Every structure is written in C-alpha cells, then in structure tokens.
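Listed below are the residues making up each chain.
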Amino acid sequence: MTAAGKGPRTRLTHLGRRTHEHAGAVNLPPYRASTILFPTLTELESFDPTHRKVRYGRTGTPSSFAFEEAMADLEGGHAAVSFGSGLQALTTTLLALVKAGDHILVADSCYAPTRIFCRDTLGRMGVETTFYDPQIGAGIAGLIRPATTLVLVESPGSLTFEVQDFPAIAQAAKSAGCRVVADNTWAAGVYFRPLEHGADISIQACTKYVVGHADANLGVAVCRDEDTYLLVKHAAVDLGATASADELYLGLRGLRTLTLRLAQHQETGLALAQWLAGQREVRRVLHPALPGCPGHELWQRDFTGACGLFAVEFDLSLPRPALAAFVDGMALFGMGYSWGGYESLVLPSTPGSRIRTAVPWTGGTLVRFHAGLEDVEDLLQDLDVAFTHLREALTP
Ligand SMILES: *Cc1c(COP(=O)(O)O)cnc(C)c1O
C-alpha cells in the first residue's frame, strides 16, 4: 500500500514495510549485511553517487533505507541519514557543514555533549563556537559575523527547557546566509517539525522516543533538500558513521506506536508536573506546556504537544544529603541518563558552570523527570514518599 497523502498515524503504520519483498511478513526483517554480492561486473561497476543503492553494509541497507524514508516523512523532509546514535547524527552533520575559519552559534541550553564537541573537537579544527542565550530570538542577528555559517537550535533546551523563538532565529540566520540545524529530540518529530519553521536539517536522538524502550542508541538527520542530504550523507560515508540493522529494526518498530506512546507520556507528564508545582519546596516547574516555563507562549504558538520530559526547580540549592534523600528513596523513578523509554526516570540536573556560559544557571537545584507509562497514581505516590524523605532531611 502507498501511504502518501494519508494521515500521520496511517503513514507511521505503513511506511517502510515493503511487505511484498519479504514473504509477506508485517515487519521488515533486519538486514544484517556487510558484504553485498554483485552478479555481474557491470553491476559491480555501477555506482550511485547518492548512496541510495545497496553496495556495502556500512553505506546503506534495506533496513537503513526503510527507516530513513519513514523518518523523512515524519519530519516533513526530503531525505534522511541514519546514525548509530543521536550524538553521531549531530557531530557528523556539523562536520559536514563547517570548515576551518567558520564561526557557529549554538544554544547555551544544548545537550552537553554537543557543546563539548563544538568547544573541543571543532575548536581544535579552527571552528569557533559562540554559545547564545536560548531566549535571544531575533536578537541572534547581533551575534552573526561575516564568518558565521551555522546556527544550532535546540528547543526546548536540555535540562532547563527554554522554548526558543525558532522562526525568528531561523529567519535571521537565513537572511545572513547561515544554515540552521535543529536538535528536535524533545518533540520527537511529532509535536514540532523544524523544517516547516526554517531549519535545513532536523536531528533526533531516536534513542529516546522513536526507539522508546531504552534498548538501542540510534540517530537521524532529516534534510530539507537534496544538496543538504548529499552533504550529510557524504560526511557519514567519509567518517564510517552507520547504524546497525538491529537498532534500525527497533527504530522502525518504535515508530509504529510513537504517537500513541507520546500521548500518554504527555498526559502523565502534565499530571506529575502539576502535582509537583503544588509542593512548597518547589519554586518552578520547567514544563514547556505550563506557564512559568521560559518560552511557554512560544510553545503554545509553535508546538502541538509536549513529551514526558520536564524539570523541577527547588526553592533553594538543596544540600547534597537532602537531594540524595529525595532521589534515593524512589521506587518507580529510576535514576539514569537518557529518557523517552516506557519507564519513569529522575535525574539531578543543575547545569554546572562548564556547560552553561552565556547564561549561567543561578537558580535552585534542578531535578529532571521523565514520565513513563506507569499508572499515574502510583507515580504520584512515589513522589509523595520522596517529598517526605526530603522534608525529613531538611528538618534540622
Ligand atoms: C540523548 C540526546 C542526544 C544524544 O543521543 P544519543 O543517542 O544518546 O547519542 C542528543 N540530543 C538530545 C537533546 C538528547 O537528549
């Protein structure tokens, strides 16, 4: 069946399956392949410079092509390139687009490993990065220099959840001839589509909601047009960046239930955030869908929903024993990195001075939550117990 022209949920159900090509099985089996055999010399010699033909496992297989087709459709792009992790998608894309002498602008609130790559690796190669206030909006024009070639937007920001004025930033960047790259992991390609707001490339850590079960690292860069696709694809081929067949399989499988899972993550996340906002130790809940989150009105304007990831800012900088008492006693919220799986998570997340330079964090202790798919009453009970532990630890 062709899914073209159908609704988004229909497309996510049908894209990339190619059922008739593999015995009628509903799911495309993972193509585990390095060597590809060519029946004739003529076929061996026929090379597709756009890398859309299977030639060698590392440069593309039916698994990667199917996943990329589905992700390009989800994000409304022209073509996509898959990667072994979200960070690899980001770093390969940046390497594809910059050269020595360039200056780039990166949101101060970006995913910390993205910042470290820009600062250290790109810095070593003669690319200068300025980290900008995520709430700068059209004011970004004032930071653009003759050497500026790229603006990276991540909205909302990792850890602190500022929603950025994406259209204003993209417009200023475009009129200065800069490329715009988005890290769209939070919205998962469902609640925000950066390519419709001026981005050239939308990147996702599919590790999070697309895979959705905390069992694979996977990334994607969805490109606006053929020229951009070729730049990113050639960089991926040059660097040997690739995603494994099993991870791609899990990504494709996750896509089938993505919107359904996100709707529940959203509902549970909002219920938890509202409950947390009512606790006396909490100064603010940084949830883009709630007033009080920086850029909330931009979220209302540009986004169609919220995922299950948000943070709580405490009234004060919690002493370490109190923070430990709060997080150590939780039974249902696991403590660990990443998010987007079916399970709830908690993570102390106050940004240190090394990962925030344009707008240093001066508020209270931040704790990030991921709302999983458990029963919300059970999650609230877990939080209630955690607050009891916190209050005991704060009582002299
Ligand atoms: C997790 C994450 C990444 C990196 O994804 P990996 O698959 O872990 O490399 C990039 N950006 C954001 C916003 C993330 O949350």
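As the structure is a computational prediction, the values presented were derived from the model and not from experiment.

For helix α4 (residues 86-97), built from 12 residues, the straight-helix expectation of 16 Å at 1.5 Å per residue is met to within 8% by its first-to-last C-alpha distance of 17 Å. Among the residues of α4, G86, A89, L90, T91, T92, T93, L94, A96 and L97 are the ones counted as buried.

Further remarks concern the pattern of salt bridges. Applying the stated criterion to the full structure yields 19 salt bridges. With a shortest N-O distance of 2.9 Å, E226 and R52 are connected by a salt bridge. In this pair, E226 sits in helix α7 (residues 226-239) while R52 sits in the loop between α2 (41-45) and α3 (62-75), placing the two residues 174 residues apart along the sequence. Relative accessible area serves as the criterion here: at 24%, E226 is assigned to the partly exposed category. Judged by its relative accessible area of 36%, R52 falls in the partly exposed class.

Time to look at a nonpolar patch on the surface. On the surface, L95, M125 and L239 cluster together to form a nonpolar patch covering roughly 250 Å² of accessible area. Structurally, the position occupied by L239 is in helix α7.

It is worth spelling out the nonpolar core at this point. A general tendency of soluble globular proteins is for nonpolar side chains to be buried together. In terms of nonpolar packing, the biggest core is built from 63 residues, with F67, M71, Y132, V151, F166, W186 and L255 touching the most fellow members. Counting residues per element, this core draws most heavily on α3, which supplies six residues. Beyond its immediate chain neighbours, meaning those up to four positions away, F67 contacts S82, C206, V210, L218, G219, V220, L248, G251, L252 and L255. With 29 residues, the next largest nonpolar core counts A79, I104, L152 and A221 among its residues.

What counts as what
- Residues numbered from 1 in each chain as written.
- Predicted model: local features only at pLDDT ≥ 70, side-chain atom pairs only at ≥ 80, totals over all residues.
- Heavy atoms only, no water.
- Helix = DSSP H or I, 4+ residues; strand = E, 2+ residues; numbered from the N terminus.
- Expected span 1.5 Å × (residues − 1).
- Buried < 20%, exposed > 50% of the residue type's maximum accessible area, 1.4 Å probe, protein only.
- Salt bridge = Lys/Arg side-chain N within 4 Å of Asp/Glu carboxyl O.
- Patch = residues over 30% accessible without salt bridge, like charges linked within 9 Å, V, L, I, M, F, W, Y side chains within 5 Å.
- Areas by Shrake-Rupley, 256 points an atom, 1.4 Å probe, with all protein chains shown as cover.
- Core = buried A, V, L, I, M, F, W, Y, C linked by side-chain atoms within 4.5 Å.
- Contact = heavy atoms within 4.5 Å.

Shape descriptors only; they carry no functional weight alone.
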